[in-house]
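Single-letter residue listing:
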Amino acid sequence: MFRQAEALTKAKPTNSVSPVPTRTYHQKTLSVPNEFSFHECLKFLARSEKEKMHVIKAERVRKLVKFDDGPVLFELSHPTKTAIQICFLNQPVSRAAIAAVSEYVNDWFDLETDLAPFYQLTETDQLLKNLTTRYYGLRLIKIPDLFEALCWAILGQQINVAFAYTLKQRFVENFGESFTFDGEIYWLFPTPEVVAELQLADLLRLQFNRQKAEYIIGLARVMRNGEVSKQDLLELNSIVAAREALMKIRGVGPWTASYVLMRCLGFRSAFPIEDIGLHNALQRQLNWTRKPTIAEIKSLSAGWNGWQAYATFYLYRSLL
DNA sequence: ATCCAGGAGTCCG
DNA sequence: CGGACTCATGGA
């Protein structure tokens, strides 16, 4: 395949415009599972204009990730029903980077999960059936980076999601690394190493409250120190043990732990039952005039064993 | 204006 | 262990 070098440019305060590339990029095709809708996945990813961790245009999504070799920018498209195409926009790209991105996309879109049992389950659950019919093929979109997932959950504690996105945007644009390509800026989430060195005031001026500022800097420090890592949590091979380990982190309570088990660590029985968004979605689906109680949700979800995370995610989707 | 938001830590009995 | 209180600011 024809390749030509195309460098990512570290973003400078002044916008530099790159020429529009007319190159042939290295590509790789991933086969997709049954019960898959690229469109539905992008719909979820596009839920906020303030989301700076990817860029969506015309049924394509671009994302910058960083591996040991350095940053890699890729674009996903869906040329046929049975495949996702990964296009590597910065070249040359190493064999290792291609493998790493393939693995990343597999995780990000949760392509390994066979949804057939979940859809089967919804046949006897009218509430879920409505959602799986409406959003057929939606995958549980992950937040593969543990630090990002935990920060996002902490940011979302006790404030509305719109404002959480505002705080996330400020956090990313102030402390994340960015690169430009083809005139567009792509961001990496701030790293624990950088955030661990911040002072409270650095976050307070972004309108974080004192709690969020303390929680996020404290989290960054324990992760930088290697006291918490995604790999270690996964190697526990136990949702109960992983949940306990997460809840030892200051600022990580039951909701945050469950949220991260669901959005990052891939536990399909994770269930953030305290989640206000979940409550609101259930209220709407049930057409009730009040929110369901925890006891009522436990009753409603009695048949969701093993699929609580997917049920929750489809309920989130219903709020968009 | 008023209430609420994809909670968590602390204190108190 | 369970309940009340506090944090704090934008959105609707």
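What you see is a predicted model, and the numbers here were worked out from it, not measured in a lab.

Student: An account of the domain arrangement of chain A is needed here, citing residue identities and associated values.
Tutor: Per the domain assignment, the segments making up chain A are domain 1 (9-134) and domain 2 (146-272). With centres defined by C-alpha atoms, the gap from domain 1 to domain 2 works out at 21 Å. The interface is formed by 28 residues belonging to domain 1 together with 25 residues belonging to domain 2. Our count for the contact surface shared by domain 1 and domain 2 stands at 4 salt bridges. For Lys66, the salt bridge goes to Glu177, with nearest N and O atoms at 3.0 Å. In this structure, the connection of domain 1 to domain 2 is made through 8 residue pairs in polar contact (both at pLDDT 80 or more). Of all the elements in the fold, those that place two or more residues in the side of domain 1 that touches domain 2 are strand 1 (9-10), strand 3 (55-57), strand 4 (60-67) and strand 5 (70-80). Per element, the largest residue contribution to the side of domain 1 that touches domain 2 is 4 residues, and it comes from strand 4. A breakdown of the residues in the side of domain 1 that touches domain 2 according to their chemical character gives 13 nonpolar, 6 polar and 9 charged.

Student: Help me get a handle on helix 13 (residues 276-286), residues and values and all.
Tutor: Those residues of helix 13 not exposed but buried are Gly277, Leu278, His279, Ala281, Leu282 and Gln283. Buried residues belonging to helix 13 abut helix 4 (126-134), helix 14 (294-300) and helix 15 (308-317). For helix 13, the N-terminal capping position is held by Asp275, with its side-chain oxygen 2.6 Å away from the main-chain nitrogen of Gly277. Positive backbone phi, approximately 60°, marks Asn287, located one or two places after helix 13.

Student: Explain the protein's contact with DNA strand B residue by residue, including any values.
Tutor: Every one of the 25 residues lining DNA strand B counts as a neighbour, but Arg47, Val161, Thr256, Tyr259 and Tyr316 are closest to it. Near the protein, within 4 Å, the atoms of DNA strand B are sugar or phosphate in 59% of cases. A distance of 2.7 Å separates a phosphate oxygen of DNA strand B from a polar atom in the backbone of Gly251. Within the contact set of DNA strand B, a phosphate oxygen lies 2.7 Å away from a side-chain nitrogen or oxygen of Thr256. When residues of the surface near DNA strand B are traced back to their parent elements, those giving at least two are helix 9 (210-224), helix 12 (254-263) and helix 13. Among the elements that take part in the surface near DNA strand B, helix 12 stands out by supplying 4 residues, more than any other.

Student: Would you mind going over the packing of helix 5 (residues 146-156) against helix 12 in detail, with residue names and values included?
Tutor: Where helix 5 contacts helix 12, the axes come no closer than 9 Å and their chain directions differ by 140°. The orientation of helix 5 with respect to helix 12, classified from their angle, is oblique. Handedness of the helix 5/helix 12 crossing: right-handed. Two secondary-structure elements touch here, helix 5 through Leu146, Ala149, Leu150, Trp152, Ala153 and Ile154 and helix 12 through Trp255, Thr256, Tyr259 and Val260.

Student: Run through the pairing of strand 5, naming residues and quoting values.
Tutor: Inspection of the sheet shows strand 4 paired to strand 5 by 7 bridges, in the antiparallel sense. Of the residues in strand 5, the one forming a bridge with Phe67 is Gly70. Where strand 4 hands over to strand 5, the hairpin turn is made up of 2 residues, counted between the paired strands.

Student: An account of the pattern of salt bridges is needed here, citing residue identities and associated values.
Tutor: Tallied over the entire structure, the rule returns 14 salt bridges. Put simply, Arg62 and Glu75 hold a salt bridge, and the shortest N to O gap is 2.8 Å. Here Glu75 lies in strand 5 and Arg62 lies in strand 4, a separation of 13 residues in the sequence. The same class applies to Arg62 and to Glu75, which are both buried. A salt bridge links Arg224 to Glu197, with the nearest nitrogen and oxygen atoms 2.7 Å apart. Placement of Arg224 in helix 9 and of Glu197 in the loop between helix 7 (192-195) and helix 8 (200-204) is noted, with a sequence separation of 27 residues between them. Overlapping salt bridges bring together Asp107, Asp110, Lys142 and Lys230 as one network.

Student: So, the protein's contact with DNA strand C: which residues are in play, and what are the values?
Tutor: Taken together, Asn160, Phe163, Thr166, Gln207, Asn209, Arg210 and Gln211 make up all the residues around DNA strand C. The sugar and phosphate moieties of DNA strand C supply 79% of its atoms located within 4 Å of the protein. Within the side chain of Gln207, a nitrogen or oxygen atom sits 2.2 Å from a phosphate oxygen of DNA strand C. Here a base oxygen of DNA strand C sits 2.9 Å away from a polar atom, N or O, in the side chain of Gln211. Residue assignment for the surface near DNA strand C shows that the elements contributing at least two residues are helix 6 (161-175) and helix 9. When the residues that make up the surface near DNA strand C are grouped by side-chain class, the tally is 1 nonpolar, 5 polar and 1 charged.

Student: Could you give an account of the packing of aromatic side chains, naming the residues involved and the relevant values?
Tutor: Following the criterion strictly, the structure yields 22 aromatic pairs and no others. Between Phe147 and Phe189 the ring centres are 6.0 Å apart and the planes differ by 70°, which places this aromatic pair in the edge-to-face class. Separated by 42 residues along the polypeptide, Phe147 in helix 5 and Phe189 in the loop between strand 8 (184-187) and helix 7 bring together distant segments of the chain. Here Phe147 and Phe189 have matching classes, each one buried.

Scoring rules and cut-offs
Residues numbered from 1 in each chain as written. Chains lettered and ligands numbered in written order. Predicted model: local features only at pLDDT ≥ 70, side-chain atom pairs only at ≥ 80, totals over all residues. Heavy atoms only, no water. Domains from an automatic or database assignment. Contact = heavy atoms within 4.5 Å. Salt bridge = Lys/Arg side-chain N within 4 Å of Asp/Glu carboxyl O. Polar contact = N/O pair within 3.5 Å; in protein donor to acceptor, adjacent residues only side chain to side chain. Helix = DSSP H or I, 4+ residues; strand = E, 2+ residues; numbered from the N terminus. Nonpolar A, V, L, I, M, F, W, Y, C, P; charged D, E, K, R; others polar. Buried < 20%, exposed > 50% of the residue type's maximum accessible area, 1.4 Å probe, protein only. Near = heavy atom within 4 Å. Axes fitted to C-alpha atoms, helices over the stretch in contact; angles between N-to-C directions. Parallel < 35°, antiparallel > 145°, perpendicular 65-115°, else oblique. Left-handed = near helix turned anticlockwise from the far one by under 90°. Pairing = 2+ DSSP bridges. Phe/Tyr/Trp six-rings, centres within 6.5 Å; stacked < 30°, edge-to-face > 60°.

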